[in-house]
Every structure is written in C-alpha cells, then in structure tokens.
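Chain and residue survey
Listed below are the residues making up each chain.
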Amino acid sequence: MIRINKYIADAGVCSRREADQLISAGKIFLNGKVITELGTKVSDQDTVTYNGKVLKAERLKYVLVNKPKNYITTVKDTHERKTVIDLIDGACKERLYPVGRLDRDTTGLLLLTNDGDLTKRLTHPSFGVKKKYVIQLENSIHPDSLKEMVKGITLDEIGEVKFDEVKYGRQETDRTQLIVTLHSGKNRVIRRTMEYFDKNVLHLDRIEFAGIKKNELIRGKWRFLTPREVGFLKMTKVH
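Residues numbered from 1 in each chain as written. Predicted model: local features only at pLDDT ≥ 70, side-chain atom pairs only at ≥ 80, totals over all residues. Heavy atoms only, no water.

Thoughts on the pairing of strand β10 (residues 131-137)
Defined as follows: Throughout, exposure labels follow a simple rule: accessible area from a 1.4 Å probe, protein chains only, divided by the maximum for the residue type, with under 20% read as buried, over 50% as exposed, and the rest as partly exposed. Numbering of helices and strands runs from the N terminus; a helix is a DSSP stretch of H or I covering at least four residues, while a strand is a stretch of E covering at least two. When DSSP finds at least two bridges between two strands, those strands are taken to pair.
Most of β10 sits inside the fold, with six of its seven residues counted as buried. Relative to strand β14 (residues 177-182), β10 runs antiparallel, the two sharing six bridges. The residue of β14 that forms the bridge with Q136 is Q177. Here β10 runs beside strand β15 (residues 201-209); their pairing, made up of seven bridges, is antiparallel. What sits directly across from K132, in β15, is E208.

What follows is the structure in structure tokens.
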C-alpha cells in the first residue's frame, strides 16, 4: 500500500505535491469514484484514473546522456529534428523526460527520468541546482570580466545573475576558455552573459549537473545513474 499521490507521481503524471492538488480538485478517480482525501492509500489491485486514463505506477528510471550538438531537448519535434530521446532509444520501456534543457548548440550532461518528484526538485529555482560548464570563446576575455561575473551583472529580460565560480580553463596565458559554475536555471544565461561582454561563444559544454559528473561518458552515449547517484540527487536541499 502506498499513498495515492506517490502512485500518481510514479505513473509519471506530475510531482506528489501537484498530485495532491489534482486530488483536492476532484480530478482523480479511485476504483471509479472521485476521491478528495489526501493521504488515501492504494495497492496494485486498485484502479486509479486521471483524465479518463488508467494510471500505472512505473519503475523509476534515471538516465544520463552526454548530449551532442544539434539535438533538441524535447520528447518530440514537429520539424523532425533529432531529439535527445533518439539518443536513448531502447534504454528502457518506460517513457522518460528531460530534466531541464540544453540549447540545440550546447553539448554535455542531461538527465532524463520518469520521476516527477525529482524533476520538480531539480528544476525548481528554490533548490538552486549547481551546474558547471566549459565555455570556449572566439577571443580572450579580461580577468576583470570574470570578477564581474562573480560579483553580479544585470542582463536584459533576466535581471541580476551571479556566478558561483569563474576561472580560466587551461592556463592564465589562454584566456579564451572558461570553466564556470552557477545555480541559475534561466534560459540561455551563459550565452547572454557572454553577449554582455561582447564575446562570441564557439562551444558550450555542461560537464557537471547537480553533482553528477561526466567522467568517461562519451558524447552521444548514455548510462543509467547508480543507486548512489540517485540517492545523492534525492538529498538535494534548498540552496
């Protein structure tokens, strides 16, 4: 017996908190009857229905992809472009969804899962999930600009952005590559930051997400997270 909000989340509908809202709104049916009582428990013999569809609690899966360039971070694309789902074809029978997104031209780590609770946790601004990137610029960037990024800058349509750490990627003599760490999940924040400094990004690669590192994962390949990694992600606390 498990709480019905967890059952709904395990079915990939939404997070447990959002499931409680669906229950309170009378949108969940248990064995043909509307339920509104939070905390209701169900078993495998019960039938839970939402929007006329019978829900089945799935086994939770967690897949890490090293996304190549020119792949879209979406489940489907109306223009028939390659998506990250194509990269994990055959990984499992469960339907997985990207956690957050990477631009088409951005490469690197992307998590896909059917765990609605974890997705909510990792994408909600209050949790401030840490991300680390390598930025390759066309031209060098001055050390003062790095200090300014850590101190905080104001970007149009985004507002103030502060980087946790910014350093040169290779040596002090090569100022065209940066390694940056930040908690912001705002759209295209790194590329917009480089535009702020009049710098052209040649390549952007995410090498760490929520403490999960790329290690030996080759571009275009995927792997399942280890139980330890999953446990680590579920322990994520508000930043």
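Back to the write-up after that little detour.
Topic: the pattern of salt bridges
Put simply, the rule reads: Between Lys or Arg on one side and Asp or Glu on the other, a salt bridge is scored when a side-chain nitrogen of the former is within 4 Å of a carboxyl oxygen of the latter.
Within this structure, the stated rule accounts for eleven salt bridges. Residues D205 and K214 are paired through a salt bridge, measuring 2.6 Å at the closest nitrogen-oxygen approach. Taken as a pair, D205 and K214 share a single burial class, namely buried. Salt bridges sharing common partners tie together D103, R188 and R191.

Section: unusual backbone geometry
Comment: phi is negative for the bulk of residues other than glycine, and the bulk of peptide bonds are trans. Although it is not a glycine, N51 sits at a positive phi angle of roughly 55°. Positionally, N51 belongs in the loop between β5 (48-50) and β6 (53-55). Of note, the phi angle at A210 is positive, near 55°, even though the residue is not glycine. Structurally, the position occupied by A210 is in the loop between β15 and β16 (212-213). Residue classification places A210 among the buried positions, given a relative accessible area of 8%.

Thoughts on helix α5 (residues 143-151)
The α-helix advances 3.6 residues per turn, and as a result positions three or four apart in sequence lie on the same side. Heads up, the condition is: The arc refers to the directions leading from the helix axis to the C-beta atoms. Between two residues, a contact is recorded if the distance between any of their heavy atoms is within 4.5 Å.
Turning to α5, its buried residues number three or more, namely S145, L146 and M149. End-on, the buried residues of α5 take up no more than an arc of 105°, which puts them together on one face. In α5, the exposed residues that point more than 90 degrees away from the buried face are K147 and K151. Buried-residue contacts for α5 involve β12 (159-161), β13 (165-168), β14 and α6 (189-196). Positive backbone phi, approximately 125°, marks G152, located one or two places after α5.

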